[in-house]
Protein chains: 2
Amino acid sequence: MRPEDKPDGQKRSFVEEARRAQIIESAIGTLAELGYTGTSLARVAERVGISKGVISYHFAGKAELMEQIVERVYRDIAQFVLSRLEKEATATGALRETIRSVAEYMRDHRTQLLALGEVVTNLRTTPDGALRYGIAFNEPIYDAREALFRRGQQAGEFRPFDARVMSVTVQAALDDMFAYWVTHPGHDLEAHAEELADLFEHATRSEDPGATANR
Amino acid sequence: MRPEDKPDGQKRSFVEEARRAQIIESAIGTLAELGYTGTSLARVAERVGISKGVISYHFAGKAELMEQIVERVYRDIAQFVLSRLEKEATATGALRETIRSVAEYMRDHRTQLLALGEVVTNLRTTPDGALRYGIAFNEPIYDAREALFRRGQQAGEFRPFDARVMSVTVQAALDDMFAYWVTHPGHDLEAHAEELADLFEHATRSEDPGATANR
DNA sequence: TTGTCTTCTGGCCGCACGGCCAGAATCTAG
DNA sequence: CTAGATTCTGGCCGTGCGGCCAGAAGACAA
């Protein structure tokens, strides 16, 4: 019996889990180098040094492999950033720390994030051609950040603005900071992040400097 | 002799140009609906109601067809936005008008911009797997907007900030405004654009309100 | 050592793709 | 009307893909 046919989830052997991780990492590397179109099961297998059939043995198909990549990378970055935010009391500080921590994660996980981008913008599972993830994929991020902005507005730290638009824009700024850094290897990622933090501090802060308490 | 073998460019017959345009439009529609992977020459031909070979007759290959799409859409939007900017005297006004005009273009050219995005993020012509366009594609936009920001800074309208980061971020905000609108059909694009204009006005304006003249 | 369960190999299958071409159809100039 | 140029058809070709499987190889408990 092939293990990927199991109902869902529990009790995978250690060896099996190791193989799955190995294949996932190979797929991540291939995605980052050759893009989604260039990532065939044959190439992923070759990079590990195994036969192509092993992937079919451990994963239900190419789609499941891709989804595992998204799940793993997404969970990882979310955990990293959220753990950093716990220490921040003010909304202003949390916003700046969001940008800093994301930049730091990008610096140390370039390959994973490139792969994530490839899958999110290309994987289609339904026959109608709709993207499996797409932008809607960011919705949980938008929601969380929106809540942060509202808190800052109620505390008087932030001026009144559309929290949803601000959330979307922050995410866009972070995504393109990454994309720009990837294509400009000499670019100073840290400085870019600080510049972004300043940018959004100016964009969000209350017009009246004295109104720090709740009005 | 096949017309696509001509040295480059001039004297294409009217009929031929019409066919090329027809095929390009079909490709744009297909890209917008089914994405890059789903856009085969067969499907593009089917949508026009012609044989697949006609595309090979009028274009050197799939890559040339895709490049023609980019060239056409890119030139169109650039012309639209630049014509709007001519009327603006101040850097602040030009920034706001940039955002407004791009949003208006998006509203009226949804399909074209979807297709442009598909090609830019997927077309690879070199065997090493590098993207044909990628983010570097935005470089002329960055340069022009950077010049605008510097002018505003010298005029005292804008605070000191990194003009390159601000340029990249404005473009990111516009791109994601489009992406968000595409996935949320009920979203108010115009309101989003105004919100963005406010956002960047706060982000860029000089700290000292009195310093409107050159210092 | 033997038997069973897990894991892997190597290769085959059908499919969709982009490219290509021989010849048919259509248009146009003389 | 005729001859040549332009445009199109329909189908064939090689390639690479994801999926699949029969049987070999390895791990391990009895």
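Keep in mind that what you see is a predicted model, and the values were worked out from it rather than measured. (Residues numbered from 1 in each chain as written. Chains lettered and ligands numbered in written order. Predicted model: local features only at pLDDT ≥ 70, side-chain atom pairs only at ≥ 80, totals over all residues. Heavy atoms only, no water.)

A.B. asks: An account of the nonpolar core is requested, with residue identities and associated values reported.
C.D. replies: Among the nonpolar cores identified, the biggest contains 110 residues, and Leu-196 and Phe-200 of chain A together with Leu-196 and Phe-200 of chain B are the most heavily contacted of them. When neighbours within four sequence positions are excluded, Leu-196 of chain A is seen to be in contact with Ile-99, Ala-173, Leu-174 and Met-177 of chain A together with Val-165 and Thr-169 of chain B. (Core = buried A, V, L, I, M, F, W, Y, C linked by side-chain atoms within 4.5 Å. Buried < 20%, exposed > 50% of the residue type's maximum accessible area, 1.4 Å probe, protein only. Contact = heavy atoms within 4.5 Å.)

A.B. asks: So, the protein's contact with DNA strand D: which residues are in play, and what are the values?
C.D. replies: Taken together, 18 residues form the shell around DNA strand D, and within it Leu-41 and Lys-52 of chain A together with Arg-19, Ser-51 and His-58 of chain B come nearest. By atom count, sugar and phosphate contribute 60% of the portion of DNA strand D lying within 4 Å of the protein. In the environment of DNA strand D, a phosphate oxygen lies 3.2 Å from a nitrogen or oxygen atom belonging to the side chain of Ser-40 of chain A. One of the side-chain N or O atoms of Tyr-57 of chain B is found 3.3 Å from a phosphate oxygen in DNA strand D. Ranked by residues supplied to the surface near DNA strand D, first place goes to helix H3 (residues 52-58) of chain B with five residues. Across the surface near DNA strand D, the residue classes break down as four nonpolar, nine polar and five charged. (Near = heavy atom within 4 Å. Polar contact = N/O pair within 3.5 Å; in protein donor to acceptor, adjacent residues only side chain to side chain. Helix = DSSP H or I, 4+ residues; strand = E, 2+ residues; numbered from the N terminus. Nonpolar A, V, L, I, M, F, W, Y, C, P; charged D, E, K, R; others polar.)

A.B. asks: Got a sec to walk through the interface of chain A and chain B? Specific residues and values, please.
C.D. replies: Between chain A and chain B, the contact holds 38 residues from the first and 38 residues from the second. Both faces combined, the contact of chain A with chain B buries some 3100 Å², and carbon together with sulfur accounts for 59% of it. Counting every contact that joins chain A to chain B gives four salt bridges. The salt bridge partner of Glu-118 of chain A is Arg-124 of chain B, with a shortest N-O separation of 3.4 Å. Inspection of the chain A/chain B interface yields 12 residue pairs in polar contact (both at pLDDT 80 or more). The element best represented in the side of chain A that touches chain B is helix H8 (residues 163-183) of chain A, accounting for 12 residues. Along the lines of polarity and charge, the residues of the side of chain A that touches chain B split into 16 nonpolar, eight polar and 14 charged. (Buried area = accessible area lost by both parts, 1.4 Å probe. Salt bridge = Lys/Arg side-chain N within 4 Å of Asp/Glu carboxyl O.)

A.B. asks: Would you mind going over the protein's contact with DNA strand C in detail, with residue names and values included?
C.D. replies: In the vicinity of DNA strand C there are 16 residues, among which Arg-19, Ser-51 and His-58 of chain A together with Lys-52 and Lys-62 of chain B approach most closely. When the atoms of DNA strand C within 4 Å of the protein are sorted by group, sugar and phosphate make up 59%. In this structure, Arg-19 of chain A approaches DNA strand C through a side-chain N or O atom, which is 2.6 Å from a phosphate oxygen. A distance of 3.3 Å separates a phosphate oxygen of DNA strand C from a polar side-chain atom of Ser-40 of chain B. Looking at the surface near DNA strand C, the element that brings in the most residues is helix H3 (residues 52-58) of chain A, giving four residues. When its residues are assigned to classes, the surface near DNA strand C shows four nonpolar, eight polar and four charged.

A.B. asks: Explain the environment of Leu-114 of chain A residue by residue, including any values.
C.D. replies: Topologically, Leu-114 of chain A is positioned in helix H6 (residues 110-122). Distance from Leu-114 of chain A to Ala-179 of chain A, taken between C-alpha atoms, is 8.7 Å for residues 65 residues apart in sequence.

A.B. asks: Before we move on, could you go through the domain arrangement of chain A and cite the residues and values that matter?
C.D. replies: All names here are of chain A. Considered domain by domain, chain A is made up of domain 1 (1-60) and domain 2 (68-215). If you average the C-alpha positions of domain 1 and of domain 2, the two centres end up 30 Å apart. The interface is formed by 12 residues belonging to domain 1 together with 12 residues belonging to domain 2. Together domain 1 and domain 2 conceal approximately 980 Å² of surface at their shared face, both sides included; 78% is due to carbon and sulfur atoms. Inspection of the region where domain 1 meets domain 2 yields zero salt bridges. There are one residue pair in polar contact (both at pLDDT 80 or more) connecting domain 1 and domain 2. For the side of domain 1 that touches domain 2, a count of residues per class yields eight nonpolar, two polar and two charged. (Domains from an automatic or database assignment.)

A.B. asks: Describe the relation of the copies chain A and chain B, naming the residues involved and giving the relevant values.
C.D. replies: Least-squares fitting of chain A to chain B yields an RMSD of 0.0 Å, with the transformation described by 0.0 Å of translation along the axis and a rotation of 180 degrees. The two molecules are tied by a two-fold rotation axis, judged by turn and shift. Taking the C-alpha atom as reference, chain A places Ala-203 of chain A closest to the rotation axis, 2.2 Å from it. In this assembly the copies share their binding face: 100% of the residues contributing to the interface of chain A also contribute to that of chain B. (Least-squares fit on C-alpha atoms with pLDDT ≥ 70 in both.)

A.B. asks: Go over the side chain of Thr-98 of chain A, please, and point to the residues and values.
C.D. replies: Residues and elements named next belong to chain A. In this fold, Thr-98 is placed in helix H5 (residues 91-108). The class for Thr-98 is buried, based on a relative accessible area of 4%. Within the local environment of Thr-98, its side chain forms a polar contact with the backbone oxygen of Ala-94, the two atoms lying 2.8 Å apart. If near-sequence neighbours (up to four positions away) are discounted, Thr-98 is found in contact with Leu-85 and Arg-145.

A.B. asks: Pulling in residues and values, what's your account of the pattern of salt bridges?
C.D. replies: Close approach of charged atoms allows side chains of opposite charge to pair. Tallied over the full model, the rule gives 36 salt bridges over all chains. Each of Arg-96, Arg-100, Glu-194, Asp-198 and Glu-201 of chain A takes part in salt bridges that share partners, so that together they form one network.

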